[in-house]
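Take a look at the letters that make up each chain.
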Amino acid sequence: MKTLVWVEHDGKTVKDATLAVVTAASKLGEVDLLVAGSGVDAVAAEAAKIAGVSNVLTADNEALEHPLAETVAPLVVKLMADHDAFLAPATSNGKNIAPRVAALLDVMQISDILSVESADTFTRPIYAGNAIATVQTSDKKLVITVRGTAFEKAAPEGGTATVVSTDGAGLEQSVSTYVGSEIAKLERPELTSAKVIVSGGRALASSENFHAVIEPLADKLGAAVGASRAAVDAGYVPNDYQVGQTGKIVAPEVYMAIGISGAIQHLAGMKDSKTIIAINKDEDAPIFQVADIGLVGDLFKIVPELTEKL
Amino acid sequence: MKVLVPVKRVLDYNVKPRVKADGTGVDLANVKMSMNPFDEIAVEEAIRLKDKGVTEIVAVSIGEQKSQETLRTALAMGADRAILVVSDEKVEPLGVAKLLKAIVEAEKPDLVILGKQAIDDDNNQTGQMLAGLLGVGQATFASKVDLTADSVTVTREVDGGSETEKLSLPAIITTDLRLNEPRYASLPNIMKAKSKPLDQKTPADYGVDVTPRLTTLKVVEPPKRTAGVKVADVDELVAKLKALGVAK
Ligand SMILES: Cc1cc2nc3c(=O)[nH]c(=O)nc-3n(C[C@H](O)[C@H](O)[C@H](O)COP(=O)(O)OP(=O)(O)OC[C@H]3O[C@@H](n4cnc5c(N)ncnc54)[C@H](O)[C@@H]3O)c2cc1C
C-alpha cells in the first residue's frame, strides 16, 4: 500500500504531531509526505530526514500559506490518484482538512485511530473514550486521522527521502479567505508533547489565583499547564489550555489535576497518562477513582507548600 | 436569509456510557437521550442570527422515528420547521453529508450550522464533508460568527489559539463549545412547537445510497484505571514525585 501523510508545519519546522502519523502510516505500507505551503524548502528538507519516508512531495504556492481545507483538499485528491491511503494528525488542522478529502474521494473517514490492526481494520475511541471500537472499512482508498498519543513518534533524523515538487499551480480558487490568527506564545512546553502537565480547574476561582498557584508549581516541575473546561469557560486561562473530549488529548508521564472534579469529558483527555496525581478537597471526587496518587485537602494550602518544598 | 441546522439524537452527556456485554456497542436501552450538545449550540446560534437578517430556520435530523423528539426540542428553542429523514439503520457521516447536500439543494439555505462532532461516535466529519460535496467554504470549530448580507466572518478555535476566516455565502459552519450558551425552551414554546410543521422523508426520497462503508467488529471498554493510594500530606507527595523522577 502507498500512503500519503499530510505534514503539519508552521512554515518553518515540522510539527511533532506529524511524527506519530508517519509511524501509523508505515504500518500500512510505503510512506510519502505532502508538504504544502508557501516557501516550503526548509520544511521539506527537514521532512526528508524523518526515518522511514520514501518521497516528500511539495506544493509551493502563496495560496497555501495558511492550510485552508478548501485549497488543501483538492490538492490531496489529485495526489491520491497514486496513493491508497491519506493520513493526517487529529489536530485542529488535520480534523478540518481530512473529512473534506474523504468526501471528495467518496470515502468514509476513520477518525482518531488508536491502532492499525490490519490493512483495513483499526481501533478508535467512541463516547469520549468510554468505549473502543474496532472498525473494518470496505472503501478502496483510506482516509484516516491519527491520535498522536497512541503511536510512537518516528525518528526525526536518519531518513533520506527524495524531495519531489508537485504542480502547485493547478490550485483551485478558494471561496474562503484567511483573515488572521491569534496564537498564544508559549513559554512552557506544549501540552501535547510535555512529560509533565499541571492542570487546574474551577476551584482556582480566578485568573489571578490560577497564575499565582498553578504556574509556579509548573515552573518548578518544568511542566506544561492545562485546565478543565470550567476553568477555561470562566476565563482563567485561554481555550487552548483545555484538556478533554473537546480539548487536547494528552498522555504525559505525570498529570496533576488540581481542583478538578474528574468529569468524564475531562478524563477522556488525560486518562492514558502514565501517572495521575489528584489534589482535591472532596475525598469523593471522581478524579480519585483514576488517580494513582491522591491528596485530599485545600489546594490553596497544599500547592504553595508543595511548590516551596520541591 | 435561511439557515439549515442538522441535529442528532444521542446519549445524554450526563449519562455514563456502558459497553454491552456482547461487545456489539454501547447500551442505549432505557437511558436518557438528548440533542447532541454541539447541535444545541448550532440551533442557538441560528436563533441569535435572527437579528442579523435570518428569517427562517429549518432543523433537520437523520435517524430513527424518535429523532422527532430532538426536532421538537429544536422547534421549541426557536426553529421554524423541521425535516426528519427516517432511517432505522445507522447512517454514517458520509451518508448524512450526502442527504444534507440533497436537502441543501432543495432548500437553498444561505448557511448550514452543524455541531463540530456528535458525542457518541466523536467522528468530527459531517460539516467538512458537506462543504466538500457542495464545493462551498467551511469554518469549523467556530467560537464567533459575524454575518453580513453576502459573507460570514468566523473566528475558529485552533491548536494554540484562534483563527479568523471570511467565507462567501452559502457556507458551512461547525460549532465549538464557547460559541454561545444555548437557551432552555420555555413551556409555552414547547407547547407551540407541537404545532410547527415537521416533514417526514426517507433516504430513498432523495435518491441517496446510505449503505455503511464501515463495519464495527467489536466494542470494548478501555483499559480500566484503578484508584491508587492517598497520601497524608505534602511531604509524602514530595517523596512520591521524587520517586517518579519528576522532582529533584
Ligand atoms: C459536550 C461537552 C464537552 C465537554 N468537554 C470538556 C473537555 O474537553 N474538558 C473538560 O475539562 N470538560 C469538558 N466538559 C465539561 C465537564 O463536563 C465538566 O463540567 C468540567 O470538566 C468541570 O470542570 P472542573 O472539574 O474544573 O469543575 P468542577 O466540576 O466544578 O470541579 C471543581 C473541583 O474542585 C474541587 N475544589 C473546590 N475548591 C477546592 C479547594 N479549595 N481545594 C481543592 N479542591 C477544591 C471540588 O471538590 C471539585 O471536585 C464538557 C462538557 C460537555 C457537555
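Residues numbered from 1 in each chain as written. Chains lettered and ligands numbered in written order. Predicted model: local features only at pLDDT ≥ 70, side-chain atom pairs only at ≥ 80, totals over all residues. Heavy atoms only, no water.

Draft legend 1. Local environment of the site of the ligand. Every one of the 28 residues lining the ligand counts as a neighbour, but Arg202(A), Ser228(A), Thr246(A), Ser261(A) and Asn280(A) are closest to it. Near the ligand, the surrounding residues are drawn from chains A and B. Between Gln245(A) and the ligand, the recorded distance is 3.1 Å, taken from a backbone N or O atom to an oxygen atom. Gln265(A) has a polar side-chain atom sitting 2.8 Å from an oxygen atom of the ligand. (Near = heavy atom within 4 Å. Polar contact = N/O pair within 3.5 Å; in protein donor to acceptor, adjacent residues only side chain to side chain.)

Draft legend 2. Summary view of the pattern of salt bridges. Under the defined criterion, the tally for this structure stands at 31 salt bridges over all chains. Among the salt bridges present, the one from Asp106(A) reaches Arg213(B), with a minimum N-O distance of 3.0 Å. One end of the pair, Asp106(A), is in the loop between helix H4 (92–105) and strand E5 (110–113); the other, Arg213(B), is in the loop between strand E11 (198–201) and strand E12 (214–220), on a second chain. A salt bridge links Lys309(A) to Glu305(A); its shortest N-O distance comes to 2.7 Å. Here Lys309(A) pairs with Glu305(A), and both are found in helix H8 (residues 299–309), just four residues apart, close to one helical turn. (Salt bridge = Lys/Arg side-chain N within 4 Å of Asp/Glu carboxyl O. Helix = DSSP H or I, 4+ residues; strand = E, 2+ residues; numbered from the N terminus.)

Draft legend 3. Main features of the interface of chain A and chain B. If you look at the interface, chain A gives 83 residues, while chain B gives 77 residues. Looking only at chain A, the three residues that lose the most surface to chain B are Arg100(A), Met108(A) and Tyr127(A), adding up to 11% of its buried area. Where chain A meets chain B, there are six salt bridges. Arg178(B) is the partner of Asp233(A) in a salt bridge, and the nearest nitrogen-oxygen pair spans 3.0 Å. The interface formed by chain A and chain B includes 45 residue pairs in polar contact (both at pLDDT 80 or more). In the side of chain A that touches chain B, the residues fall into 39 nonpolar, 25 polar and 19 charged. (Contact = heavy atoms within 4.5 Å. Buried area = accessible area lost by both parts, 1.4 Å probe. Nonpolar A, V, L, I, M, F, W, Y, C, P; charged D, E, K, R; others polar.)

Draft legend 4. Examining unusual backbone geometry more closely. Residue Pro170(B) follows Leu169(B) across a cis peptide bond; omega there is 0°. Tracing the sequence through the fold places Pro170(B) in the loop between strand E9 (161–168) and strand E10 (171–175). Phi at Asp112(A) takes a positive value of approximately 60°, unusual for a residue other than glycine. By the secondary structure assignment, Asp112(A) is in strand E5. A relative accessible area of 15% places Asp112(A) in the buried class. (Buried < 20%, exposed > 50% of the residue type's maximum accessible area, 1.4 Å probe, protein only.)

Draft legend 5. A look at helix H1 (residues 37–48) of chain B. All names here are of chain B. Taking 1.5 Å per residue, twelve residues should reach 16 Å; H1 reaches 17 Å between its end C-alpha atoms and fits that length. Counting buried residues along H1, ten of its twelve residues qualify, which places the element largely inside the surrounding structure. Those residues of H1 that sit buried are Pro 37, Phe 38, Asp 39, Ile 41, Ala 42, Val 43, Glu 44, Glu 45, Ala 46 and Ile 47. (Expected span 1.5 Å × (residues − 1).)

Draft legend 6. Highlighting the sheet that holds strand E7 (residues 137–147) of chain B. As summarised here, the arrangement of the ten strands in space is E11(A)-E9(B)-E8(B)-E7(B)-E10(B)-E6(B)-E1(B)-E4(B)-E5(B)-E11(B), forming an open sheet in which the pairing is mixed. Only two strands of the sheet have a single partner each, and these edge strands are strand E11 (176–183) of chain A together with E11 of chain B. Neighbouring strand axes in the sheet, compared pairwise and without regard to direction, differ in orientation by 35° on average. Pairing analysis gives five bridges linking strand E1 (residues 2–6) of chain B to strand E4 (residues 56–63) of chain B, with the strands arranged parallel. Bridging across to E4(B), Lys2(B) finds its partner in Glu56(B). On top of the sheet, H4(A) reaches E7 and strand E8 (151–158) of chain B; it is set at about 120° to E7(B), its chief contact. Across the sheet, helix H3 (residues 93–107) of chain B lies against E1, E4, strand E5 (81–86) and strand E6 (111–115) of chain B, angled at about 150° from E4(B), the strand it touches most. (Pairing = 2+ DSSP bridges. Axes fitted to C-alpha atoms, helices over the stretch in contact; angles between N-to-C directions.)

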